[in-house]
Structure formats: structure tokens, C-alpha cells
Amino acid sequence: MVVKGNTYNLELYKDMYTWQEGDYQVFRTTQWSAPGCHNGCGVLFYVKDGKVEKIEGDPQNGWNCGTLCMRCLDILESMYDENRLKYPMKRAYEDRGKNKWERITWDEAYDIIEEKVRYIQKNYGHESIIAEIGTGRNVWWQVPWGCFAGLQSPNQTGAFLSGDSCYSPRSSILALMSGEYLTSDMSQMLPDRYESKEWVVPECITIWGCNPIMSNGDGYLGHWIVEAMKRGSELVMVDPRINWLSAKAKHWLRLRPGTDAALAMAILNVMIKEKLCDYDFIEKWTYGFDDIAKAVEDMTPARASEICWIPEQDIIDAARFMATAKPMAMHWGVAIDQQPSATPTGQALICIAAVTGQIDNPGGSLVTRSAYNISLFSQEGFEDNITEEQKEKRLGMHKYPMRGTGISAMAHTDVVLESIETDGASNDCEQYPIMMQWMQGCNPIANMAAEAPRVYEAICKVPFNVVVDVVMTPTAMACADLLLPAAMGSERDSIRAWWWPLRAITKITDYYEAHGDEQILLDLVNRLNPSAAPGEEVKDWVNDLLANHSEADFDFDYLKEKVIVWPEWHYYKHEKGLLRWDGEPGFNTPTGKIELRVDWLEANGLSPVPFYEEPHESPYSTPELYKEYPLVLTTGARSYEYFHSEHRNLPSIRAFHPDPLVEVNPETCKELGLEEGDWVWIENQRSRCRQRIKFNPGLDKRVVAAEHGWWFPESDPERLFNVFDSNINNLTTQCDIGKSGYGAAYKCLLCKIYKCTEENSVITPTAQVLDKGGFKYERKRLS
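Residues numbered from 1 in each chain as written. Predicted model: local features only at pLDDT ≥ 70, side-chain atom pairs only at ≥ 80, totals over all residues. Heavy atoms only, no water.

(A) Region of interest: the overall build of the chain. In terms of helices and strands, the chain carries 27 helices and 30 strands. Compactness check: the chain gives a C-alpha radius of gyration of 25 Å against a globular reference of 28 Å for 783 residues, within 12% of the reference. Principal-axis analysis of the C-alpha atoms places the extent of the chain at approximately 70 × 65 × 55 Å. Out of the 783 residues belonging to the chain, those deemed buried represent 67%. Total accessible area on the chain is roughly 26900 Å²; 48% of this is exposed by carbon and sulfur atoms. (Helix = DSSP H or I, 4+ residues; strand = E, 2+ residues; numbered from the N terminus. Rg over C-alpha atoms; globule rule 2.2 N^0.38 Å. Buried < 20%, exposed > 50% of the residue type's maximum accessible area, 1.4 Å probe, protein only. Areas by Shrake-Rupley, 256 points an atom, 1.4 Å probe, with all protein chains shown as cover.)

(B) Examining the sheet that holds strand S22 (residues 502-505) more closely. The sheet built from three strands is open, its strands ordered S21-S22-S23 with antiparallel pairing. Across the chains shown, the open sheet's two edge strands, defined by having one partner strand only, are strand S21 (494-496) and strand S23 (564-565). Pairing of S21 with S22, which is carried by three bridges, proceeds in the antiparallel orientation. The partner of Ile495 across the bridge, within S22, is Ala504. (Pairing = 2+ DSSP bridges.)

(C) How the structure looks around the nonpolar core. In this structure, Ile113, Leu151, Met436, Trp438 and Leu484 are the most contacted members of the largest nonpolar core, which totals 109 residues. What Leu151 contacts, discounting residues up to four positions off in sequence, is Val117, Gln121, His126, Ile129, Ala131, Gly146, Met436, Trp438, Leu524 and Leu528. (Core = buried A, V, L, I, M, F, W, Y, C linked by side-chain atoms within 4.5 Å. Contact = heavy atoms within 4.5 Å.)

(D) The state of the cysteines, seen in detail. The final tally for this structure, using the stated rule, is zero disulfides. Of the cysteine sulfurs around Cys442, a residue in no disulfide, the closest is that of Cys479, at 9.0 Å. Residue Cys756 stays outside any disulfide, its sulfur separated by 9.2 Å from that of Cys689, the closest cysteine. Taking relative accessible area as the criterion, Cys756 reaches 17% and is therefore assigned buried. (Disulfide = S-S within 2.5 Å.)

(E) Summary view of the packing of helix H3 (residues 106-123) against helix H20 (residues 517-528). Two elements in contact, H3 and H20, have axes separated by 10 Å at closest approach and are oriented at 50°. Our classification of the angle between H3 and H20 gives oblique. For the element pair H3 and H20, the recorded crossing hand is right-handed. From H3, Trp106, Asp107, Tyr110, Asp111, Ile113, Glu114, Val117 and Arg118 reach across to H20, where they touch Gln519, Ile520, Asp523, Leu524, Arg527 and Leu528. Its residues assigned to classes, the contact of H3 with H20 shows seven nonpolar, one polar and six charged. (Axes fitted to C-alpha atoms, helices over the stretch in contact; angles between N-to-C directions. Parallel < 35°, antiparallel > 145°, perpendicular 65-115°, else oblique. Left-handed = near helix turned anticlockwise from the far one by under 90°. Nonpolar A, V, L, I, M, F, W, Y, C, P; charged D, E, K, R; others polar.)

(F) Layout of the packing of aromatic side chains. Applying the stated rule across the entire model yields 26 aromatic pairs. Each ring, one from Tyr279 and one from Phe289, has its centre 6.0 Å from the other, and the planes form 85°; the classification is edge-to-face. Taken together, the positions of Tyr279 in helix H10 (residues 279-285) and Phe289 in helix H11 (residues 289-295) put the pair 10 residues apart, joining distant regions of the chain. On the accessibility criterion, Tyr279 (36% relative accessible area) is partly exposed. Where Tyr511 meets Tyr512, the ring centres are 4.8 Å apart and the plane angle is 75°; that geometry is what we call edge-to-face. These aromatic residues form a ring-pair network of at least three members: Tyr80, Tyr87, Tyr511 and Tyr512. Above the plane of the ring of Tyr24 lies Lys48, whose end atom (NZ or CZ) is 6.0 Å from the centre. (Phe/Tyr/Trp six-rings, centres within 6.5 Å; stacked < 30°, edge-to-face > 60°. Lys NZ or Arg CZ within 6 Å of the ring centre and 35° of its normal.)

(G) Up close: the side chain of Asn211. By the secondary structure assignment, Asn211 is in the loop between strand S12 (204-208) and helix H6 (212-215). Exposure remark for Asn211: the relative accessible area of 9% places this residue in the buried category. Excluding residues that lie within four positions of it along the chain, Asn211 makes contacts with Asn243 and Leu245.

(H) Inspection of the sheet that holds strand S3 (residues 18-21) at higher detail. Ordered by their spatial adjacency, four strands build an open sheet running S3-S4-S5-S6, and the pairing between neighbours is antiparallel. Since the sheet does not close on itself, it has two edges, and those belong to S3 and strand S6 (51-57), each with one partner. Direction aside, neighbouring strands of the sheet carry axes that sit 30° apart on average. Where S3 lies against strand S4 (residues 24-31), four bridges are found, and the strand directions are antiparallel. Across the sheet, the residue bridging to Thr18 is Phe27, located in S4.

(I) A look at the pairing of strand S18 (residues 436-440). For S18, the tally of buried residues reaches five of five residues, placing the bulk of the element in the interior. Burial along S18 is two-sided: the face carrying Met436, Trp438 and Gln440 and the face carrying Gln437 and Met439 are both buried. Sheet analysis places strand S9 (residues 129-133) next to S18, joined by five bridges and oriented parallel. Residue pairing for S18: Ile129 is matched across the bridge by Met436. In the sheet, S18 pairs with strand S19 (residues 464-469) via five bridges, with the strands oriented parallel. Residue Gln437 lies in a different strand from S19, and its bridge partner there is Asn465. Where the polypeptide runs from S18 across helix H18 (residues 452-461) and back to S19, its parallel neighbour, the crossover connection is right-handed. (Right-handed = clockwise from strand over helix to strand, strands pointing away.)

(J) Examining the side chain of Gln338 more closely. Considering the arrangement of structural elements, one finds Gln338 in the loop between strand S16 (328-332) and helix H14 (342-355). Accessibility expressed as a relative area gives 8% for Gln338, which makes it buried.

(K) The packing of helix H17 (residues 413-421) against H18, seen in detail. The N-to-C vectors of H17 and H18 enclose an angle of 60°; their axes lie 9 Å apart at closest approach. Looking at the two axes, H17 sits oblique to H18. Once H17 is placed against H18, the crossing between them reads as left-handed. Residue-level inspection shows Leu417, Glu418, Ile420 and Glu421 of H17 in contact with H18, the latter providing Arg454, Val455, Ala458 and Lys461. Of the residues in the contact of H17 with H18, the class split is four nonpolar, no polar and four charged.

This is the structure:
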């Protein structure tokens, strides 16, 4: 039988929670990290004698329709890796960096935490404790709640991701302009998926700043786009690199990294100048169109061509196709966030979706909330547990006014870093030091922290650190005093609701003494602030969320049996009064319309309309630097094998992708005397790292693309698994962010590359950091 585009024998794949198949008990559930990803695919776990022996995609689950990525298919190797953390462990403060761990019980670990937390709260204040999370993994709403309800600190933050450069820039400007989130429509809101009569196949899918079939970011499966392509969708791909999607695109715009705002404004220029906009939608549902028209007037395709290194006619042709294709879906990614111009770029892209009228229409850009309006984001628990006095002590909210609007409950990462470095003297609020870090589901010095050696110094300076993870990481080895083992997807109960539909995660196995992230945080709250805890079991917590923080009329047991539940979906919600608090038609903004011009930004010293700002280090803004470092460096491209810094410990995954890779145009390599596979140093004014060359003939000769997230679990833990040797974040910087406080230059720096030799490799970057005091250069500070 054909199910949602694929063919299955439904006598074998049943629509029930569990059944017996031979020697195996089969469970239908949802696999969500750890190890990580952004999604939550339907899977079948085949269990025998209490151990998972096989995993398979669940064809009855409309989220992923039976498909799985290679990381999920290899989950057994992750679950039963001999190096996985099995027990809570502690280490003496003076032994940080040394592999001298002592096994303890959970009660002993909680006793230590409770004693330390209460001491810090009494002597320094609740705000002297920060909680840090990684991206997208199963801690995104859980840790904030644990921070606000348990630690009772207002300082929950991303783990030194400069400029909060992952989704926060886009979500913040979306909230101001539309009052909602937007995501492209690939039928994911409809249980019948591609066969639904409500859905319309997009004529055009514009993919900007991501490669979704590898990244699968923001609660979205890139495979859905492939299904739309099978049904006729054509692509506009905006990406510096050629990849599978850009190779098949109708229009591939190969822009210079960091110039997205100029390109988006030029596209708006063409649409407005040639009167290709949806003027009926603009008249009824937008505010400030004339201001946008004026803002982009001077950003002609000719000017953008010079800025972006894209042929003028290519910009014009793509703009015409995006404007005239019906429907057109906009899909965007983290590259928007990882440049100082993140906010104005986001403004311009939202304007494109709005002026073409492609908002909440079938096949367009959907106004999106989580299923049953359940709130599971970084604000979880903030309003209920943090007093007004404590809110005033949240780091960064006074320096960057978008923090104070309620859009984000996170402390600002760069301000947190400077607070640690200065013992609180640089705080934008009351002075207090950071005395404790709670780090769960993050590995900053291997992954998301810009200027990793600087962050290494900072995290080691904090007096008490707790790390929760599934394996020993460089971050844990560097700074943890307590190390708690986290459970994986089949070892915990939880729910998944980013965005749609609602899915159950069910505990079916155990692994030694590993606990689920939810259980650890619930235990923390019960220890520190029991009046805020909804119970002692995760099931109690989930039932409280469903009953009191959502529109669902069922409990966890019901969801567990159903596995996946689809609320009724509505298109054109702004026309039906389904968005605003007062039930009137319109959007959830002060004007009731999509605000192309944001007056609030102007009132707070920021531009109300998009603008273009040259990257802070570039061939044009720093020409002298460019003479020494003549290549534009973009970092962080995703791969099929790895989720950020995870999976490097798995032999099967590593066999597919054994080494860190930097993509370079073959002609550039020829000029530099380099061959594919050579190890090269990538270097700029801050430091260097080494990776292997991979030819990419589609890359501009003036651009290189380096991978992130590399460490080497097979190497010495007391050398931090050589985490700095191939770490591209040796070259990135903290505290050089956008005027809004959002966006940092992960994807638009300068560098040079040259071959690694025995002579120039005597001192490795790890040795430079651990043995020689680090790299010497002037560190940037927040202005």
C-alpha cells in the first residue's frame, strides 16, 4: 500500500503503540536526541531482553513517513558505545583537565549541587548561576525551565554562541514584524500530507542560507522539499556553495558570504520597480510599504551584483520568478543569523514573503505555532518563576533593547562571556560574578563558541561547573566538577512539538544509571524549589504541560498510545481572527498588520527598515587585512554524518567522514600548489587550525568553506581530545555582533590557507592553548 508517498506492507507496520513480532517487542515512538538533531522522527524500536536490537522508520508516522537519516539508523552504535557515560561522577577542582573521576550516586551528586547552589544563592545571588544549552537537542525547553524554576536564576543562555546566532535573530525580528513564526509549507501540518486536497505544491521554493536535506533545522525535514520537487516545485537557491539542491535549482544565486541583506534588498527592488508585488495583500495586511520601497530604491541589481559577486541578470531573473510563481514558499536557515547583519537581513526576507502575498496560504509561508499552542521554548518557566527584580538582572537585556520586549528570555551570550572575564564589572545591570555553570546538551569549546580558546579560559575560571551529557566531551574534561550521564531517545519519556504535530517520546529501555534530561531537571527543581515542581515523575510534568499550558484535551498516556496527534490546521488565519488576542482579523502586532516598517525598532535606536552593512572583516571594509588574508572564510556547513560536534566517537559514522574538510575551488588550489586531500593550515589574525582540502568547483575562487565541530575522541582526554587542532572557531571572534545584539560573523571572515609541513606543525593549536598560554592578539570587546 502507498502511504504518504511511499509503499509499505501495512500488515507488518501496524498503527498501534506496541506489538510482538517473533522474538521482538516492537515499539512505535519518537526518536529525539541525544545524540542530537532538530527533529523527532517516528521510529520502530525492536527490543529483545531489554535491549534495542534494531531501529526502523515508522511508515505510519506522517512526520517522516518512514524515512530516517544515517545518524538515526546508526543509533544503536550510539546507545551501546562502550565510552558512553554510565554513572554520575565528580572530580576535585584542582584536577580539572585531568582524567581523575570518581563514581558517585545520584543522591550524592544532588547533595553536592544543592549545597553549592544554596551557598551561591545566599552569598552572591541567584543570578550568579547560569544555565547553558546547545542547539535543537532535547534540552531546548527543559533546561530553561530547570534554570528558572530550580536554580531560580534569570540567566539561561546559549553556550557562548556569539550574537545568539542560531534562530534567535530570525525569531526575534519575526515576532516584531508579524507577531508569529513563519515556516515553508510542505504539507507538514496535514495528516494526509502530500495527498491532502488542502495543500498546494509550491511552484517555487526559495531556500536561503541553508542546505535543509543535511541540516534538517528548526523542526523541519529537508526531505519534504525533495518530495515537493518530485511533484513539480522548482528552486531558487541562495548559497555560496554548490550542493545537491543548488545543482538542481532553477536559479542558484552564489553570493559572497555575509552579503545576504544586499541581495534581498535588490530582489525587493526588482519586485517593486517592475510592479510584481501582490498589492491587494499589501493594502490589506501590511504596514510601511512606502518605507520599504524607499529603503531598497538604491539597492539596484547592478549595485548588488558588485557587492554580492552575483551576475546582475541572475538577480533580476530570480526576483521575477519568486514574484510571479504561485505559490512561493520561503525557507531560510542559520546562515542568516551568522553574520552581523542578521536582523536587517531577516527584515528584508520577511518583506519578500509579505510583498508577494505568500503568507499563510497553501504552499506558501505558514504562520506557525506549536501543536495545541503548547509553549515549549526558551521562555519556559520564565514568567512563573522569575521575579521582576530578578528579571532586571538578566545579562544583556539593558544593553540590547530587543531583549527587554519579552521576545526572548535568554541572557546575551557575549555579555555573559564578558561578565565571567571581568568578574561582573562589565555587566549591563547590577554587578555580580558568575559562580556556577549548569551545562546540559552543549559542548561549546568544540562546537558553538566563537573564539573557542578564549571561551576555554572563561569556562575554566568559573568556580563550580556541572555538565550533563552522553559521552565525555572536551568541555566536560576541561571544566566539569560534576558529570551527569544523560539518557538517549528510547530511555526517557517526553513530548515533541516543534512545530506540528504533537508526538510522544516513550521510555522503553534503560542504560546503566543514565537519566533522561527531563528527569534530571525535575529532580533538580524538587530539590531546590519543590513548590514549583509539578510532581516527581516526567509523566507528571508532561501532564501539567498538556493540562495547563496547552489546548490539548488529553494526557500523556493517551498521547503515548496514539504516538502522534494532529490538531486541526487552518490556512489564512489572519483573515479568520485566529491570530490576535482579541479575536479580530489581522496579525498579532500593534498595527494588526505585518509591519514592513517597525516603529518600535526606530524608537529604540535601530533601523525600522532593512539596510546593508558590509561585513566587518572583508575585502572592502578591511582592505589591508585582505592583502594578508585574501580568502573569504565561511564556516559551519552541515554534513550528512554529524550533528555539530556529536557522532565523532562512532566508527561507522567516522568511516564515511574521517577528517575535517575545507572546501576550496580547484583553481585556487592550483594557484597555491595544493592538491585535494592535502592537510592545510587555515589562518587569520587570531589563530589557525588544520583541515583537509576537498575540491568544490562550484565555490567562488575567492571563498573557502571550513567545517566546524571537530574533536578527536580517539586521542588523549587530558589533551582535551585535541579539540583546538582542527577547530575553525580558533579563527572566529566574540563580541563583534550586530547593532541589535543579534548575529555574529561565523560565516564572513578572512583567512589564508597553506600546506601543513613538518616544520610549520611543530606546535599544534592544542599545544598553543594548553601549554603556551594561547594565541596572542587583541580581543574584541562589546562597544
